[in-house]
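# Summary of the model geometry
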Amino acid sequence: MTGKLSLRGVRKSFGDTEVIRGIDLDVGEGEMVCLIGASGSGKSTLLRCINLLEPVDDGTIRLDGVDIAEPGLDPRPVRRRIGIVFQSYNLFPHMTAAENAMLAPRRVHGRDRAALMGPVTALFRRFGLADRMDHYPDQLSGGQQQRVAIIRALAMEPEIMLFDEITSALDPELVGEVLDVLRQLHRDGMTMILATHEMGFARELADKVCFLDGGVILEQGPPSSLFSAPSQQRTRAFLSRVL
Amino acid sequence: MTETHGTVSAAPAVRPTRRATYEARVRRRSTTVAALSTAAVLLAVVVLVPMAPGWEAVKRSFFDAEVFARTFPGLLNAFLLDIAIFAWCAPLIALTGLAIALCRDVRSPALFPLRMFGAVYTDIFRGLPVILVVYLIGFGIPGLGLPRPWNSPYIWGSLALILVYSAYVAEVIRSGIDSIHQSQRSAAASLGLSEADTMRYVVLPQALRNVMPANMNLLIALQKDVALLSFIGPVEIFRQAGVYKSLMANFTPYVGAALIFLAITIPATRYADYLLNRQRRRQR
């Protein structure tokens, strides 16, 4: 039993710099896995590799047992099943919040606006944005934009969601509303991988925490043990700096 | 709360702040200086130019009120042809320019010839003087002995303008496409959108809006370059002014034509500037 997503020996270089240097990771159905570590430790790159936004150089990534890291594989069917939310939201500025959420389902799944209106409205309502559907991104606060970005990814009905430091660009008072969304998703059983600096959140909700350092997972385990009794010196040093 | 706010915002109206007083003084002084220097320049022009030895002759041949009154309606009428040529060229230029820009952005190796074509096309037509293209196409193609109406200078003259201007428009649109941040493409890709859909729904709408002011400037240039077609036949305003000049042995019709051009191009230029400024403000 390897679970929903299973990485073995994943490597990725940019030019001469090897950013991911052999990562093994298992994520079970409905689990929330948090990646922690200093900037440049490879968290974001790892997420982009899982979504196939960056082609991996070596190793396997199995989604329901099927290797998606195979060179030359069409990435689009995979991306429909794995959603990603970015630190900088990356909403489409020329579309309203609702249009942002409906574009991909319309073009990729071929569904029409009328059919989408119901489920999309339900998503906006669920995350407290029902009255912001017709607003353009620049009319929304950072926290609202980030929630729209999450809705946009969810509208594709993905099986796994990746979150790349999605609260890092937010004012402190807006972080809570975005974390609430993640809490809700976790409760609903979504399989999630987060790159995050929110240690309190990781400790509270993660099923597994991985400490990345220099492109490898130096240490992983349930938050109770990793946060209170890290076995590695570097993990201890990192945690003492951020906690 | 409301009351406090009211008194605070009313304060400057009662007594201007030190900065407001200072800025008002600076503003008054610069207005005065600008007015004085403008008056001095105008005075010099009005006094000095008529002192030139040839002024009387120039006045007779360029600023003859009677000739102006007799030729102006005819010039206006001829200008309708300029407008017509402009009106059918502009949309064709927009479409061709867009197509060429997209050619230069294709990534698939099978379409490499298309990409190559786009590059060669823009290199050639941006590298030639417009008048040369008008001559080569306007005289060259009808010279093949085509039957009517295919030997019309309107068709081939317009084609020359379309070829040259669509090369410029293509470059402007391409710069707009390049200006859209890679993260927008990433976001679209992460949702499973195809390259074509990403271009059509995400990149192009933003790119075209960004380059709107630059394209407005090209339209203004096109409006003026329509006059170049007069060299291969069509009696548009520039040619009509030439006819009047020969008829009356007077250059005033050219001044009339210039005024008509300015009546169109100055408002259009101002509008383009306005668009550009509004966009700068929005991007700040």
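Thresholds applied
- Residues numbered from 1 in each chain as written.
- Chains lettered and ligands numbered in written order.
- Predicted model: local features only at pLDDT ≥ 70, side-chain atom pairs only at ≥ 80, totals over all residues.
- Heavy atoms only, no water.
- UniProt positions renumbered as here; feature names shortened; annotations may be inferred.
- Helix = DSSP H or I, 4+ residues; strand = E, 2+ residues; numbered from the N terminus.
- Buried < 20%, exposed > 50% of the residue type's maximum accessible area, 1.4 Å probe, protein only.
- Areas by Shrake-Rupley, 256 points an atom, 1.4 Å probe, with all protein chains shown as cover.
- Lys, Arg positive; Asp, Glu negative; His and termini not counted.
- Charge placed at Lys NZ, Arg CZ, Asp CG, Glu CD.
- Rg over C-alpha atoms; globule rule 2.2 N^0.38 Å.
- Contact = heavy atoms within 4.5 Å.
- Pairing = 2+ DSSP bridges.
- Axes fitted to C-alpha atoms, helices over the stretch in contact; angles between N-to-C directions.
- Polar contact = N/O pair within 3.5 Å; in protein donor to acceptor, adjacent residues only side chain to side chain.
- pLDDT = per-residue confidence, 0-100.
- Right-handed = clockwise from strand over helix to strand, strands pointing away.
- Phe/Tyr/Trp six-rings, centres within 6.5 Å; stacked < 30°, edge-to-face > 60°.
- Lys NZ or Arg CZ within 6 Å of the ring centre and 35° of its normal.

As recorded in an unreviewed UniProt entry, chain B goes by the name Amino acid ABC transporter permease, listed as coming from Histidinibacterium lentulum. In its Sequence similarities (unreviewed entry) section, the UniProt record describing chain B reads: "Belongs to the binding-protein-dependent transport system permease family. HisMQ subfamily."

Under the annotation held in an unreviewed UniProt entry, chain A carries the name Amino acid ABC transporter ATP-binding protein and is attributed to Histidinibacterium lentulum. What UniProt states about chain A under its Sequence similarities (unreviewed entry) heading is, verbatim, "Belongs to the ABC transporter superfamily." Regarding chain A, the relevant UniProt record gives this comment under Subcellular location (unreviewed entry): "Cell membrane".

Within chain B one finds 12 helices and 0 strands. Along chain B, helices and strands appear, N-terminal first, in the series α-α-α-α-α-α-α-α-α-α-α-α. In terms of principal-axis extent, the alpha carbons of chain B reach across some 85 × 75 × 30 Å. With 284 residues in all, chain B has 36% of them scored as buried. Taken as a whole, chain B presents about 16900 Å² of accessible surface, with 68% of it coming from carbon and sulfur. For chain B, the centre of its 28 positive side-chain charges and the centre of its 15 negative side-chain charges are spaced 8 Å apart.

What follows covers the overall build of chain A. Within chain A, the regular secondary structure consists of 9 helices and 10 strands. Whereas a compact globule of 243 residues would reach a radius of gyration of roughly 18 Å, chain A reaches 18 Å, a difference of no more than 12%. Looking at chain A as a whole, 54% of its 243 residues are labelled buried. Looking at chain A alone, contacts between residues at least 24 apart form 65% of all its contacts between residues at least 6 apart. Split by element, the accessible area of chain A, about 10200 Å² in all, is 46% carbon and sulfur. Side-chain charges of chain A comprise 28 positive and 32 negative groups, with the mean position of each set lying 1 Å from the other.

Residues and elements named next belong to chain B. In the numbering adopted here, UniProt assigns the feature "transmembrane region" (unreviewed entry) to residues 33-55, 75-103, 124-142, 154-173 and 251-272. Taken end to end, residues 154-173 is 100% helix and 0% strand, and its two terminal C-alpha atoms sit 27 Å from one another. Secondary structure over residues 251-272 splits into 95% helix and 0% strand, and the C-alpha atoms at its two ends are 32 Å apart.

Residues and elements named next belong to chain A. Pairing within the open sheet is mixed, and its 6 strands lie in the order 6-7-8-3-9-10. Looking at the sheet topology across the chains shown, the edges are occupied by strand 6 (82-85) and strand 10 (216-221). Along the sheet, successive strands turn relative to each other by an average axial angle of 20°, direction set aside. Pairing geometry for strand 6 and strand 7 (residues 160-164), over 4 bridges, is parallel. Bridging across to strand 7, Ile 82 finds its partner in Ile 160. Here helix 1 (residues 43-50) sits on the sheet in contact with strand 3 (32-36), strand 6, strand 7, strand 8 (191-195) and strand 9 (208-213), set at roughly 150° to strand 7. Each of strand 6 and strand 7 touches helix 5 (residues 142-154); the most contacted strand, strand 6, lies at about 170° to it.

Before going further, it helps to spend a moment on the side chain of Ser 41 of chain A. Residues and elements named next belong to chain A. With respect to the helices and strands, Ser 41 occurs in the loop between strand 3 and helix 1. Reaching out from Ser 41, the side chain makes a polar contact with the backbone oxygen of Ala 38 at a distance of 2.7 Å. With residues up to four places along the chain from it excluded, the contact list for Ser 41 reads Val 19, Leu 212, Asp 213, Gly 214 and Gly 215.

All names here are of chain B. Considering every residue of chain B, the mean pLDDT works out to 89; 94% of them sit at 70 or more. Within chain B, helix 1 (residues 2-14) has the poorest average pLDDT of any element, 51, and helix 8 (residues 182-190) the best, 95. Note on residues 1-7: pLDDT under 50 across the span, and 0 contacts to partners over four residues away in sequence or across chains. For this predicted complex, the interface confidence comes out at an ipTM of 0.90, alongside a pTM of 0.83.

Moving on to the pairing of strand 7 of chain A. Residue and element names in this part refer to chain A. Most of strand 7 is tucked away, with 5 of its 5 residues classed as buried. Burial of strand 7 is two-sided: the residues Ile 160, Leu 162 and Asp 164 facing one way and the residues Met 161 and Phe 163 facing the other way are all buried. As judged from the 5 bridges shared by strand 7 and strand 8, these two strands associate in the parallel manner. Note on strand 8: the bridge partner recorded for Leu 162 is Ile 193. What joins strand 7 to strand 8 is helix 6 (residues 172-187), and the crossover it makes is right-handed.

Taken as a whole and judged by the stated rule, the model has 14 aromatic pairs over all chains. Ring geometry for Tyr 165 of chain B against Tyr 168 of chain B: centres 6.4 Å apart, planes inclined by 50°, an arrangement best described as tilted. Here Tyr 168 of chain B and Tyr 165 of chain B lie together in helix 7 (residues 153-179), a separation of 3 residues that amounts to about one turn. When the centroid spacing of 6.2 Å and the interplanar angle of 55° are considered together, the rings of Phe 231 of chain B and Phe 238 of chain B count as tilted. On the basis of relative accessible area, Phe 231 of chain B is assigned to the partly exposed category, the value being 38%. Residue Phe 238 of chain B is classed as partly exposed on the basis of its relative accessible area, which comes to 35%. Three or more aromatic residues joined by ring pairs form one cluster here, namely Phe 62, Tyr 135, Phe 139, Phe 231, Phe 238, Phe 251 and Tyr 254 of chain B. The cationic tip of Arg 152 of chain A hangs over the ring face of Phe 92 of chain A; the distance from NZ or CZ to the ring centre is 4.5 Å.

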